[in-house]
Amino acid sequence: MPLLDRKLLRDLRALKSQALAVALVMACGLAMMIMTRSLIASLESTRDAYYRDNRFAQIFARLKRAPNSVAAQLAAIPGVAAVQTGIALQVTLDLPGVLEPATGLIQSLPEQGELTLNRLHLRSGRILVGRESSGEILAGEAFAEANNLHPGDRIAAVLYGRRQSFRIAGIVLTPEFIFEAPPGAALPNNKTYGTFWMPYKELATASNLDGAFNNLSLTLAPGAVEAAVIAAVDRVLIPYGGRGAYGRESHPSHTRVRDEINVLQGLSVGFPLVFLSVAAFMTNSVMSRQITLQREQIAILKAFGFSNREIGGHYLKFALVIVVAGTLLGTLGGIALGHRLVVMYHLFFRFPSLEFQLATSVMIAAVFVSILAAVVGVAGAVRAAVRLPPAEAMRPEPPSDYRPALFERLGFGRAFTATFRMALRNIERRPARAILTSVALALATGILVVPSAFRDGIGYVLDYQWDVIQRHTVFVSLIEPGPARALADFRALPGVVLAEPVRGAGVELRNGNHFRRLAVLGLPARAELNRVIDAQERQLTLPGDGLVLSAKLAQVLGVKLGDALSVRVLDGKRPEFTLPVAALSEDFAGTTAYMEINGLNRLLGEGDRLSGAYLSVAAGEWENFLRAMKASPRAASVVVKNRIREGFRTTTAESIGLIQKIYMTFATVVAFGIVYNSARISLSERQRELATLRVIGFTRGEVGAVLVGELVLLTLLALPVGLLLGAGFARAIIGTVNTEFVRLPLILTPANFALAVLVVAVASLVSAWLACRRLNQLDLVGVLKARD
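Residues numbered from 1 in each chain as written. Predicted model: local features only at pLDDT ≥ 70, side-chain atom pairs only at ≥ 80, totals over all residues. Heavy atoms only, no water.

### A short note on the packing of helix α8 (residues 295-303) against helix α9 (residues 308-345)
As a packed pair, α8 and α9 sit with axes 10 Å apart at the nearest point and diverge in direction by 140 degrees. It follows that α8 is oblique to α9 by the angle criterion. With respect to the hand of their crossing, α8 and α9 are arranged in right-handed fashion. Residue-level contacts link I298, L301 and K302 of α8 to N308, I311 and Y315 of α9. Residues that form the contact of α8 with α9 fall into these classes: four nonpolar, one polar and one charged. (Axes fitted to C-alpha atoms, helices over the stretch in contact; angles between N-to-C directions. Helix = DSSP H or I, 4+ residues; strand = E, 2+ residues; numbered from the N terminus. Parallel < 35°, antiparallel > 145°, perpendicular 65-115°, else oblique. Left-handed = near helix turned anticlockwise from the far one by under 90°. Contact = heavy atoms within 4.5 Å. Nonpolar A, V, L, I, M, F, W, Y, C, P; charged D, E, K, R; others polar.)

As structure tokens, this is what we get:
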């Protein structure tokens, strides 16, 4: 073995704890990078293969009713490759043993053969094909699992006022509902909402749509322009009550998967960047001190003929050993965490198979990034080593300027103990090292703020969205908008304490090239059950001649207060008008536009009508209310607020919560690594003077107080800066997880800051204790004989 490699092994043994601390910090950053980038690759490859194999459509449309012959007109549109028409109906379900009424979307199966587009993937049971016997149905996997349903079980549904019982023939998946949520909802509710399929003839007969369709999917020919095809489809469907075609990028399920990938892309940059920057800083600190302590050894090596390149390579190898250890630990950690997150994704993403795939490109990138971090961290120290002339290196470093500290020169010295004055003097004599140590401690504090901000944001959303904004018990929608007097029917239901009407209208909001298709909600001007709140938690009064937009929707559309929006209604008389943005609301689930209900009805030109109602139900009458809703033929859906809250808690909140726990663990490891590394460097730099103090009579406690006192002072200086850094880190990283579906607010609480301070304080105490243990093991005679 070459001499320099033997020296490298000795150095690694001597600095094994510090090298391990740096490797662990690097491993944390690499684990986050490998986990997130591999999850992105896994989701993208699985999604794309699923879309391809099951022929997921590219354009979708809903309409009132069109004869089947219109399908030929749609197929003749230039750029259309394949057309699939069918029936889709919202129904109320009655599940055995489940008190709450559930809702579902039933779609038709073709009379001949299998589906052309959005093909089904069979999980269990059998597929229904063509004109199979009536009374059977296929159920989506998410709903079936949530309700413990299997092939052969029976389920009841109310189709246009008629209650029918169906036998489940099979459990299936479809690329159309990878993420399965009620229409217009940002969150899943698999217990009370599901998707189903049954033969066309049977569904058409039940819905009076025989020989017609109300649902459309199509794919594009190569080179076709999506916008042009959508415009042509809309022109064909307008006479039949078309509600506006839209592309795959606007499809709710596809959008939710895409947003999750975007969140992972943000996390794959933010977290690793912070951790690897800290690792580079720690590598520089360790190597700079190592080279300072080995000045004489460097001189001897040069005197014996070792070149600058060989010496520089020797110290680079030291850093590369740390890289190898960090990469191995980070890879193992990233793989383990990736598998854990994949299991969690099965809660709300339904693929035939989703496996964690460790991408080769990710591994190569991880090795490159870790080497880059190490080289950046060690470059300055290595450059100093190779430039050191042998004659100069043989001499000890010039002594520091040993003079009273500034506070002593100002006459305050007698107010402090001797050990405390020594700590202050050392900080003043080495300002650069003190600043760097404080920066490291500030980073350790700052990164601990971020995971708690995630946790507090989730807690705030659970309270704000479903207690401050939504004060109702249940929302009931009608199959078709009804007259205003229908509100009296809602009020007459068992246990209803308060009922407020809502009118929904599908619209396209457009500002130049920015547009979104969604439902404008018409509510009472000062609604009590579904309040519209601004960022200061003040209730807004809804205008009858303007729009109130959620802040996220305004951002997406690129508008601000007072700007005008073009509004095109997608149903009924299809009026078009321009409305100003009157106010911005604050919410954290989905994007919404609001108006005062009478003003919306006036613009729609259909009279005073309502689409449903928000209801407050007395707890003692809850069961009677649910029984009444199950028997109601006019109800299209019944959405229980607590079910939506629980859906958020078990999907989005659990996903973000798991990432928060991972990050908190990593942040704690990094904090301990930084503090311990700083304590060890301080000990190695001052071991001669500390040993001198022991020889001249200072007790172990007094000598330890000099070392610990300096660390305590630097920690106190670093904490306020670290908390400010943490607030900035939290703002930047939480911004990466905010999407149109779900957003987290930046919540920075005293408890959050207190936890960060506590972890750094505990890390400082443990590191100081370990450093004092090594201080007790100093060879006093050997240290005093050392030339530096």
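### Section: the pattern of salt bridges
Scanning all chains against the criterion turns up 25 salt bridges. Across the pair R47 and D48 runs a salt bridge, and its minimum N-O distance is 3.2 Å. We classify D48 as partly exposed; its relative accessible area is 37%. Residue D563 is joined to K560 by a salt bridge in which the shortest nitrogen-to-oxygen separation is 3.7 Å. Since its relative accessible area comes to 22%, D563 is described here as partly exposed. Taking relative accessible area as the criterion, K560 reaches 55% and is therefore assigned exposed. Several salt bridges converge on common partners, so that one network encompasses D234, E508, R510, R517 and R568. (Salt bridge = Lys/Arg side-chain N within 4 Å of Asp/Glu carboxyl O. Buried < 20%, exposed > 50% of the residue type's maximum accessible area, 1.4 Å probe, protein only.)

### Quick word on empty space enclosed by the protein
In total, this model carries five cavities of 30 Å³ or more according to the counting rule given. Each pocket or cavity is described by its volume, and for the second largest cavity that value is around 140 Å³. Lining the second largest cavity are 15 residues, with Q84, Q107, S108, L115 and N215 positioned closest to its centre. For the lining of the second largest cavity, the elements supplying multiple residues, two or more each, are β2 (80-86), β4 (102-109) and β10 (212-220). Here the lining of the second largest cavity is built from residues that sort into six nonpolar, eight polar and one charged. (1 Å grid on protein atoms, 1.4 Å probe; cavity = no way out; pocket = protein on both sides within 12 Å on 5 of 7 lines; lining within 4 Å. Points joined across faces, edges and corners; volume = space filled by probe spheres on them.)

### Focus on the pairing of strand β14 (residues 514-523)
Pairing geometry for strand β13 (residues 496-511) and β14, over nine bridges, is antiparallel. Bridge pairing in β14 places N511 opposite H514. Connecting β13 to the next strand, β14, in antiparallel fashion are two residues, including G512 with a positive phi near 65 degrees. Bridging between β14 and strand β18 (residues 593-596) involves four bridges; their strand directions are parallel. Across the sheet, residue V520 finds its bridge partner in β18, namely A593. (Pairing = 2+ DSSP bridges.)

### Quick notes on a nonpolar patch on the surface
Taken together, the side chains of L316, L320, V367, I371 and V375 define a hydrophobic patch exposed on the protein surface, amounting to about 320 Å² of accessible area. Secondary-structure elements contributing two or more residues to the nonpolar patch are α9 and α10 (360-386). Ranked by residues supplied to the nonpolar patch, first place goes to α10 with three residues. Within the element layout of this structure, L320 appears in helix α9. Since its relative accessible area comes to 35%, L320 is described here as partly exposed. (Patch = residues over 30% accessible without salt bridge, like charges linked within 9 Å, V, L, I, M, F, W, Y side chains within 5 Å. Areas by Shrake-Rupley, 256 points an atom, 1.4 Å probe, with all protein chains shown as cover.)

### Describing the packing of aromatic side chains
Considering all chains together, one arrives at 12 aromatic pairs under this definition. Both rings, one in F56 and one in F60, keep their centres 5.4 Å apart while their planes meet at 40 degrees; by these two values the pair is tilted. Here the two residues F56 and F60 agree in accessibility, since each one is buried. Taken together, the ring pairs in this structure connect Y51, F56, F60 and Y246 into an aromatic cluster. (Phe/Tyr/Trp six-rings, centres within 6.5 Å; stacked < 30°, edge-to-face > 60°.)

### Examining the side chain of R350
Along the chain, R350 falls in the loop between α9 and α10. Of the polar contacts made by the side chain of R350, one reaches the side chain of E141; its length is 3.2 Å. Other than its neighbours up to four places away in sequence, R350 contacts Y50, E141, A142, E145, L173, F177 and I178. (Polar contact = N/O pair within 3.5 Å; in protein donor to acceptor, adjacent residues only side chain to side chain.)

### Section: the side chain of T445
When you line up the elements, T445 lands in helix α14 (residues 431-469). The class for T445 is buried, based on a relative accessible area of 0%. Look past the residues within four positions of T445 in its chain and what remains in contact with it is L719, G722, L723, A756 and V760.

### A few points about the nonpolar core
Taken as a class, soluble globular proteins show a tendency for nonpolar side chains to be buried jointly. Of all hydrophobic cores here, the largest spans 112 residues; its most connected members are F271, Y345, F349 and F454. Considering each element in turn, this core owes the most residues, 17 residues, to helix α2 (residues 16-53). Discounting chain neighbours no more than four positions away, the residues touching F271 are M32, V450, F454, I659, Y663 and I733. In terms of nonpolar packing, the next biggest core, distinct from the first, is built from 27 residues, A102, I106, A139 and A206 among them. (Core = buried A, V, L, I, M, F, W, Y, C linked by side-chain atoms within 4.5 Å.)

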